[in-house]
Amino acid sequence: MLILIDACMYSSLKTFIMKKQILLFTFLFTAGFLSAQTDFQLISVGAGYNLQSFVDISAGTENQSPNDAWDIAFNVGPGSAGVLINESGGSSMGQGLPTIELYDTGSDDFSMTPDPVVFEESQLHNLEQSWSSGAFNEVADPADPFDFGWGSYDVTNHTVSGSHVYVLKLRSGDYLKVQVQTLQSGTFTFRYANLDGSNEETKTIVKADHAGNALAYFSFASGSTVDIEPAGGFDLSYLRYKALLEDGGDPIHYPVTGILSGPGVEVVQADGVDPETVDFETYESELSAELDIIGHDWKDFDLGTFSWVLPADRAYFVKTADNNIWKIWFLDFEGSSTGTATIEKEDLGMLSAVVDENAPLESIDVFPNPVRTQAQLVFSIKNTFNNQVNLQISDSFGRLLSQTELQGVVQGLNSFNLPVDELASGMYYVTLIVDNQPFTERIVIFD
C-alpha cells in the first residue's frame, strides 16, 4: 500500500554538491571516440513547489515561471489538436496554490447552466504521455483516429470541429464553462463564460504566433496568452503535476513533483547500475518519447528518517531534440523547503555525428551560421553511396518542417543552397540522410 504524504512537511538532507568540474576522460561511443566531461546542475521549482522550470541541459540553465501563470494550453505542433490544463499546484503545507480542475459535462449545449456537483465524478486529467494530448482530449474514442475529444476532424474541409462543453474550476474556486469550437488552418477558436452564460468571451490561438514553442499558454485572468517557454526550446520540464498512483489498490490522481521530457526528447532509465560507468549502447534501443520516463520516482521519502532518499544505482540517458546524448543522475533533493534538486550530467556527444570509418559522409558544414536570408550546405561524400541523399530541416523541438531529395550529389565535395528564407528566426537542425545514416548540423536564423 502506498502511503501518500505531503512532501512540504519535510526538509531533506543539506545540499552537499557545489558546482565544479571533474576529470576529462575518453570513452568509446558507437565506434567513435569522444571527450566526455561531467558537471553538476541545480534545478528548482522553488520553496513550496510554487514554480515551473524549463531546463536546458546543454546550457546548464532553467527558465522559471509561477504555477499560476497560465490555465490551459494548446499544442502548436503541426497536426496536433492537443489542449491541456495546468495541473501544477504548490504544496498545501507550503501555502501553495490549489490546482485547476476540468470536468466533462457530457453535453454539447453551451447555453446550459451546468451544476458542478453533478459532474464531480467526471474529472479529467492530463495523461502526461505526450504534449500533443491533454485533459480536453481525454474523452476521445481511442478507436476513432479522427476523434480528438473536444472535437472531431472532418477530412473534407480539414477542420476539427468541436461542440463538447466542459466545466473548469479555477484556482480561485470560481467556475467557467469552456468549449473549443474549431481548429482550422492552424488556428484554435474557443469560448468560455460563467456557468450562467454571463461574460462570454471568444478567443483565438494562432499556432504560427507561437512557432518554436511546444504550447501556447492561456490565462483566464488576463484573457490572453502568456510567454513562459525559453527561446530555443527546453529539454526537461521540472514541475508539479498529477500522476496516477495506487493507494491501497485504488488508482488516484495525486500531485507529485517530478520531471517531464521536452518535445522531441527521448529518455531511458537504467537501474541497478553504476551511474558513472554505465554505457549508453546497452540502453539505446529502449529510448522512449513518453513524457514521464524520469517522472517523480527518482526520489523516495523515508518515513523512518523523515528524509528524501535517492537511488544510488539509477541513471538516465537523455536524447535531446538535436540528437545529443546526455547521461544524468540525481544526487540530492531538498524537498519543499527550496524545491531544489542536484543532478550530475555527462555530455556523450551527438548521436548522428559519431560514425564508423565506413560511413559515406566525411564532413558537413553550414555557412554562414548564424544566417539571415541564405545559407550554403557543404558536405563531402568519401565513399560510394546509393545516389540518394535526403535533406531534412527540423525546428528546435525536432519537428520535421521540410524534406527534399537532393539531386546531383557526387562523390567528393558538394554544395547546395539551403531554403531558409521563409523560416522565422530561431534555431533549426539540418539533417542529411546518406545510406540511411543521419548527419545533423545546427543552424541559427536571425532577422
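Rules of the game
Counting restarts for each chain, with residues numbered from 1 along the sequence as it is written. Given that this is a predicted model, residues contribute local features only at a pLDDT of at least 70 and side-chain atom pairs are listed and counted only at 80 or more, while totals for whole chains, interfaces and linings are drawn from all residues. Processing note: side-chain calculations cover all non-hydrogen atoms of the structure and skip hydrogens and water entirely. By definition, any uninterrupted DSSP run of H or I lasting at least four residues is a helix, any uninterrupted run of E lasting at least two residues is a strand, and each is numbered from the N terminus. Relative accessibility decides the category of a residue: with a 1.4 Å probe and only protein chains considered, values under 20% of the type maximum give buried, values over 50% give exposed, and everything between is partly exposed. The contact criterion used is simple: two residues touch if any of their non-hydrogen atoms lie within 4.5 Å. Here the open area of atoms and residues is found with the Shrake-Rupley method and a 1.4 Å probe, where only the protein chains shown may cover a residue. To define a nonpolar core, start from buried Ala, Val, Leu, Ile, Met, Phe, Trp, Tyr and Cys residues and group those joined through side-chain atoms within 4.5 Å. Points on a 1 Å grid over protein atoms alone make up a cavity when a 1.4 Å probe fits among them but cannot get out, and a pocket when they form an open set with protein on both sides within 12 Å along at least five of seven lines; lining residues each have an atom within 4 Å of a point. Grid points are joined across faces, edges and corners, and a volume is the space filled by probe spheres set on the points. Note on residue classes: Ala, Val, Leu, Ile, Met, Phe, Trp, Tyr, Cys and Pro are nonpolar, Asp, Glu, Lys and Arg are charged, and everything else, Gly too, is polar. A residue's pLDDT is the predictor's confidence in that residue, given on a scale from 0 to 100. In short, DSSP must find at least two bridges between two strands for them to pair. Between N-to-C directions, angles span 0 to 180 degrees; the directions come from axes that are lines fitted to C-alpha atoms, helices contributing only their stretch in contact. The salt bridge definition used is simple: a Lys or Arg side-chain nitrogen within 4 Å of an Asp or Glu carboxyl oxygen.

1. Concerning the overall build of the protein chain
- Along the backbone of the protein chain there are 0 helices and 32 strands.
- Residue burial in the protein chain is summarised as follows: out of 447 residues, 52% are buried.
- Of the contacts made within the protein chain by residues no fewer than 6 positions apart, 59% connect residues no fewer than 24 positions apart.
- Only carbon and sulfur atoms are counted for the fraction: they give 50% of the accessible area of the protein chain, which is about 20000 Å².

2. Some points on the nonpolar core
- Within the largest apolar cluster, 27 residues are counted, with the highest numbers of intra-cluster contacts made by I72, F136, W150, L168 and F220.
- Put simply, the parts of the chain that give this core at least two residues each are β6 (72-75), β7 (83-85), β12 (165-169), β13 (175-184), β14 (187-193) and β16 (215-219).
- The greatest single-element share of this core, amounting to 4 residues, is contributed by β13.

3. Quick look at the layout of surface pockets
- One number sums up the size of the largest pocket: a volume of about 810 Å³.
- For the largest pocket, the lining is made up of 37 residues, of which V76, K207, A211, G212 and R399 are closest to its centre.
- When contributions to the lining of the largest pocket are tallied by element, the ones reaching two or more residues are β13 and β31 (426-434).
- At 3 residues, β31 tops the list of elements feeding residues into the lining of the largest pocket.
- Class assignment for the residues of the lining of the largest pocket results in 16 nonpolar, 15 polar and 6 charged.

4. Quick look at the confidence of the model for the protein chain
- Across the protein chain, the average pLDDT comes to 84, with 87% of residues at 70 or higher.
- Considering only residues more than four positions removed or in separate chains, one finds that residues 1-35, a stretch of pLDDT under 50, has 97 contacts.

5. A look at the side chain of N67
- Its location among the elements puts N67 in the loop between β5 (61-66) and β6.
- We classify N67 as buried; its relative accessible area is 1%.
- In contact with N67, other than residues within four places in its own chain, are Y49, N50, L51, Q52, N86, S88, G89, G90 and R171.

6. Some thoughts on unusual backbone geometry
- A positive phi is found at Y49, a non-glycine position, where the angle reads about 60°.
- Structurally, the position occupied by Y49 is in the loop between β3 (38-44) and β4 (51-56).
- For N323, which is not glycine, the phi torsion reads 70° and is therefore positive.
- Within the element layout of this structure, N323 appears in the loop between β23 (314-319) and β24 (324-333).

7. Brief notes about empty space enclosed by the protein
- Under the defined criterion, the tally for this structure stands at 2 cavities of 30 Å³ or more.
- For the largest cavity, the lining is made up of 21 residues, of which W70, N126, W131, L239 and L260 are closest to its centre.
- Ranked by residues supplied to the lining of the largest cavity, first place goes to strand β18 (residues 236-247) with 4 residues.
- Of the residues that constitute the lining of the largest cavity, the class distribution is 11 nonpolar, 7 polar and 3 charged.

8. Considering the sheet that holds strand β17 (residues 224-226)
- If you walk across this open sheet you meet the 4 strands as β7-β6-β16-β17, and the pairing is antiparallel. Unpaired on one side and paired on the other, β7 and β17 mark the two borders of the sheet. For this sheet, the mean inter-axis angle between neighbouring strands, taken without regard to orientation, is 35°.
- Here β16 runs beside β17; their pairing, made up of 3 bridges, is antiparallel. Each bridged residue has a counterpart across the sheet, and for S219 the counterpart in β17 is S224.

9. Overview of the pattern of salt bridges
- By the definition in use, this model includes 4 salt bridges.
- Between E266 and K319 there is a salt bridge whose closest N-O contact spans 3.7 Å. One end of the pair, E266, is in strand β20 (residues 266-271); the other, K319, is in strand β23, and 53 residues separate them in sequence.
- Accessibility expressed as a relative area gives 11% for K319, which makes it buried.
- For E346, the salt bridge is made with K327, and the minimal N-O distance between the two is 3.9 Å. Taken as a pair, E346 in strand β25 (residues 340-350) and K327 in strand β24 lie far apart in primary sequence, 19 residues in all.
- Here E346 falls in the buried class, since its relative accessible area comes to 3%.

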